[in-house]
Amino acid sequence: MRDGAMDIAIQIKKGHGFWLSCISLISLLFSMSVIAEEQGDKWLNWQDTSITGLYGGGFEVDPSDQATITLEHASDWSFGDLFMFMDGTKFSHGDRNGNGDKEQWYGEATARLSFGKLTDTDFNFSIFQQDLVIFKDILFATNYERGRDQDATESILLGVGFDFDLSAFDMIGLDKLRYFQFNVYARNDFHSDDAGFEDYQITV
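Structural notes, computed from the coordinates. Because the structure is a prediction, the values reported are computed rather than measured.

Regarding the pattern of salt bridges
Okay, step 1: Counting across every chain of the model gives 5 salt bridges.
Okay, step 2: Lysine 117 is the salt-bridge partner of aspartate 76, the closest N and O atoms lying 3.0 Å from each other. Of the two residues, aspartate 76 is situated in strand E2 (residues 66–77) and lysine 117 in helix H3 (residues 115–119); the sequence distance between them amounts to 41 residues.
Okay, step 3: Judged by relative accessible area, aspartate 76 falls into the buried class, the value being 16%.
Okay, step 4: When its relative accessible area of 34% is taken as the criterion, lysine 117 is described as partly exposed.
Okay, step 5: Here aspartate 81 and arginine 112 are joined by a salt bridge, their closest N and O atoms 2.7 Å apart. One end of the pair, aspartate 81, is in strand E3 (residues 80–91); the other, arginine 112, is in strand E4 (residues 103–114), and 31 residues separate them in sequence.
Okay, step 6: Salt bridges sharing partners connect three or more residues here, namely Asp81, Arg112 and Asp163.

Printed below as a string of structure tokens:
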């Protein structure tokens, strides 16, 4: 009986890893929101969570027809910021990818601690005249990446982040691109032959 229960648990974990991860992520976000609401505006400045779906065909990589669900979250806190997403893809018509999977999932979580917020220091200064580019903050940046195949896709990144206010974009009507983040990471790919943080990565 114990062996049978173990087999069922393993099958559920392998077959529905994306949904279990989504439930865990939603539970975590809900718990964070409850804690933040109890603290009022002391911790949480703003947050946004969305779920989107996409179905398409004609893909040259993996099976041609596939459906993807994306869970995405972004929030700004009194001590830093957080961004995470998770993609779950189901292949149509029972097709499989190159690894023999009928579905796959991949997610990332990026958490950054703000030196400006934690030390109550104002780092603001203008790089050019007329405040076209303003340096806002410096942050300790972390990122975790994980896919369904843990042996092939699991990494942790540590580094430093910089926030800028690019008011120059307001002049050309691209105000949504005004807030700019620049992160420099040292990357460690788990299960790789080269252990340690030997690779580097830049994200914007």
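That shown, we press on.
A closer look at the pairing of E3
As a general feature of sheets, a regular strand has side chains that alternate between the two faces.
Okay, step 1: Of all the 12 residues making up E3, 9 are buried; the element is thus mostly covered by neighbouring parts of the structure.
Okay, step 2: The pairing of E2 with E3 spans 12 bridges and is classified as antiparallel. Bridge pairing links tryptophan 77 to glycine 80 in E3.
Okay, step 3: Between the antiparallel neighbours E2 and E3 lie 2 residues.
Okay, step 4: Two elements, E3 and E4, share 11 bridges in a ladder whose sense is antiparallel. The residue bridging lysine 90 from the neighbouring strand is glutamate 103, located in E4.

Definitions and limits used
Residues numbered from 1 in each chain as written. Predicted model: local features only at pLDDT ≥ 70, side-chain atom pairs only at ≥ 80, totals over all residues. Heavy atoms only, no water. Salt bridge = Lys/Arg side-chain N within 4 Å of Asp/Glu carboxyl O. Helix = DSSP H or I, 4+ residues; strand = E, 2+ residues; numbered from the N terminus. Buried < 20%, exposed > 50% of the residue type's maximum accessible area, 1.4 Å probe, protein only. Pairing = 2+ DSSP bridges.

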